[in-house]
Amino acid sequence: MNNFLATSDFDCSQLETLIQRAIEIKSRKDIGKPLKSKSIALVFFNPSLRTRASMHVGIYELGGNPVILEPGSTSWTLEHREGVVMDDDKTEHLKEFVRVLERYVSAIGVRTFAELKDWETERADPILNAFARYATVPIINLESAMHHPCQAMADMMTIHEKLGNGKKKVLLTWAWHPKPLPMAVPNSFALAAAQFGHDLRIAYPKGYELDEELAEAIVSQASTNGGSLDFTNDIDAAFEDVEVVYAKSWGGKNFYGNYEADILARSQYRASWIVNESKMERTNDAIFMHCLPVRRNVIVSDGVIDSPRSVVIDEAENRLHIQKAIMTELIK
Ligand code: CP
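Residues numbered from 1 in each chain as written. Predicted model: local features only at pLDDT ≥ 70, side-chain atom pairs only at ≥ 80, totals over all residues. Heavy atoms only, no water.

A.B. asks: Could you clarify how one ought to interpret the overall build of the protein in this entry?
C.D. replies: Helix and strand content of the protein: 12 helices and 11 strands. Relative to the 2.2 N^0.38 estimate, which gives 20 Å for 332 residues, the radius of gyration of the protein is 20 Å and therefore close to what a compact globule would have. When its C-alpha atoms are laid out on the principal axes, the protein stretches across 55 × 50 × 35 Å. Expressed as a percentage of the 332 residues in the protein, the buried residues total 55%. Of all intrachain contacts in the protein linking residues separated by at least 6 positions in sequence, the fraction that spans at least 24 positions is 81%. For the protein, the accessible surface area stands at approximately 14300 Å², while carbon and sulfur atoms represent 48% of it. (Helix = DSSP H or I, 4+ residues; strand = E, 2+ residues; numbered from the N terminus. Rg over C-alpha atoms; globule rule 2.2 N^0.38 Å. Buried < 20%, exposed > 50% of the residue type's maximum accessible area, 1.4 Å probe, protein only. Contact = heavy atoms within 4.5 Å. Areas by Shrake-Rupley, 256 points an atom, 1.4 Å probe, with all protein chains shown as cover.)

The structure is reproduced here in structure tokens:
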């Protein structure tokens, strides 16, 4: 392992090993201080609770020192494009930022969301990939435009922990939200669920399809790893018989650069695309999952998120354990 950018960079057995390691760490097995005397930079272009706190605590508990940087806020604004004339608002280029930073630290974690302005550009994850291109130390993706692999690994760990080993019937469902959101979480969840061989159903209204190339990768992973995949636009039927309900809202890729059109298009789904008690009754006693933060009574009803079938807090806790497992594997 050199970088941790997307789960698809690893095979299923490598991912399973990480989960076993995270389960051991969670059970308080002493793993010593593998990051002793090492500093790890955490670069946040965007806000965070879980990722920031769990990485900070995880590095500390592994004996290391977290260095938090916020470009454009507590550190300089950053340019990532090659060959640009930097006469606008960007103060420093990523080439210098990364090359300087890695003289101080042993790895760099990066959070850089999609701006939802230009799909063709953003689907290539230009900022994350610039970090990976310029760095010689490991880069850990803490959520980019297209992937949130640490979240997806915590999700897979949580399914394993709650429902045991082996394939499960898993629903990833779009939900209405007042604003278009990035697609990294659904992309990574779907990819990881396929890599772990789950029977995956993805429900979304027409116009909110995943990236075509990514969807092909999910299909291929499902086939390779003994799982299955189906897509549906029927929000009620989608819940039938599933064991896991994973809710997430995302913006339509065809609306990137046209925020108002997405708001208008999604308005018709407000009442119907919410996870509530009546939909959960159609499942096979499913657990409810969400990466958080979540808008109550918008994405999910109070009755579902407060029910015993909701595992969102354990899911968030597992971020800490899986990231410790990833860091101990990556940072030598
Ligand atoms: N799920 C997640 O990544 O949460 P934060 O945005 O709070 O880090």
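A.B. asks: Which parts of the structure should I look at to understand the sheet that holds strand E11 (residues 287-289)?
C.D. replies: Spatially, the five strands line up as an open sheet ordered E9-E8-E7-E10-E11, and their pairing is parallel. Because the sheet does not close on itself, it has two edges, and the strands there are strand E9 (228-232) and E11. Strand-to-strand, the axes of this sheet are offset by a mean angle of 20 degrees, without reference to chain direction. Of the strand pairs in this sheet, strand E10 (residues 244-248) and E11 are connected by three bridges, and their pairing is parallel. Residue pairing across strands places Val245 opposite Phe288, the latter belonging to E11. The strands touched by helix H6 (residues 149-163) within the sheet are E10 and E11, with E11 carrying the most contacts at an inclination of about 170 degrees. (Pairing = 2+ DSSP bridges. Axes fitted to C-alpha atoms, helices over the stretch in contact; angles between N-to-C directions.)

A.B. asks: Honestly, helix H12 (residues 312-330) in this entry has me stumped. Any pointers?
C.D. replies: In an α-helix, one turn spans 3.6 residues; hence positions three or four apart end up facing the same way. Taking 1.5 Å per residue, 19 residues should reach 27 Å; H12 reaches 27 Å between its end C-alpha atoms and fits that length. Within H12, the axis deviates most sharply at Asn318, by approximately 25 degrees. The element H12 is largely enclosed, with a buried count of 15 among its 19 residues. (Expected span 1.5 Å × (residues − 1). Bend = angle between axes of the 7 residues up to and from the residue.)

A.B. asks: Can you help me understand the packing of H6 against H12 in this one?
C.D. replies: Angle between the axes and distance between the axes are the two parameters that describe a pair of packed helices. Put simply, H6 and H12 touch, their axes get as near as 8 Å, and they point 115 degrees apart. On the basis of the axis angle, H6 is roughly perpendicular to H12. Crossing of H6 against H12: the hand is right-handed. Facing Cys150, Gln151, Met153, Ala154, Asp155, Met157, Thr158, Glu161 and Lys162 of H6, the residues of H12 in contact are Asp314, Glu315, Asn318, Arg319, His321, Ile322, Gln323 and Ile326. When grouped by side-chain class, the residues that make up the contact of H6 with H12 number six nonpolar, five polar and six charged. (Parallel < 35°, antiparallel > 145°, perpendicular 65-115°, else oblique. Left-handed = near helix turned anticlockwise from the far one by under 90°. Nonpolar A, V, L, I, M, F, W, Y, C, P; charged D, E, K, R; others polar.)

A.B. asks: Is there a simple way to think about the pattern of salt bridges in this case?
C.D. replies: When their charged atoms lie close together, side chains carrying opposite charge are able to pair. Under the defined criterion, the tally for this structure stands at 19 salt bridges. Here Glu213 ties to Arg123 by a salt bridge, and the two come within 3.3 Å at their closest N and O atoms. Here the residue Glu213 occupies a position in helix H8 (residues 212-224), and Arg123 occupies one in the loop between helix H4 (119-122) and helix H5 (126-134), the gap between them amounting to 90 residues. Glu213 gets classed as exposed once you look at its relative accessible area, which sits at 54%. On the basis of relative accessible area, Arg123 is assigned to the partly exposed category, the value being 22%. Ionic pairing is found between Arg296 and Asp306, a salt bridge with its closest N-O pair at 2.9 Å. Taken as a pair, Arg296 in the loop between E11 and helix H11 (302-305) and Asp306 in the loop between H11 and H12 lie far apart in primary sequence, 10 residues in all. A relative accessible area of 42% means that Arg296 is categorised as partly exposed. A single salt-bridge network, built from bridges that share partners, covers Glu82, Lys95 and Arg133. (Salt bridge = Lys/Arg side-chain N within 4 Å of Asp/Glu carboxyl O.)

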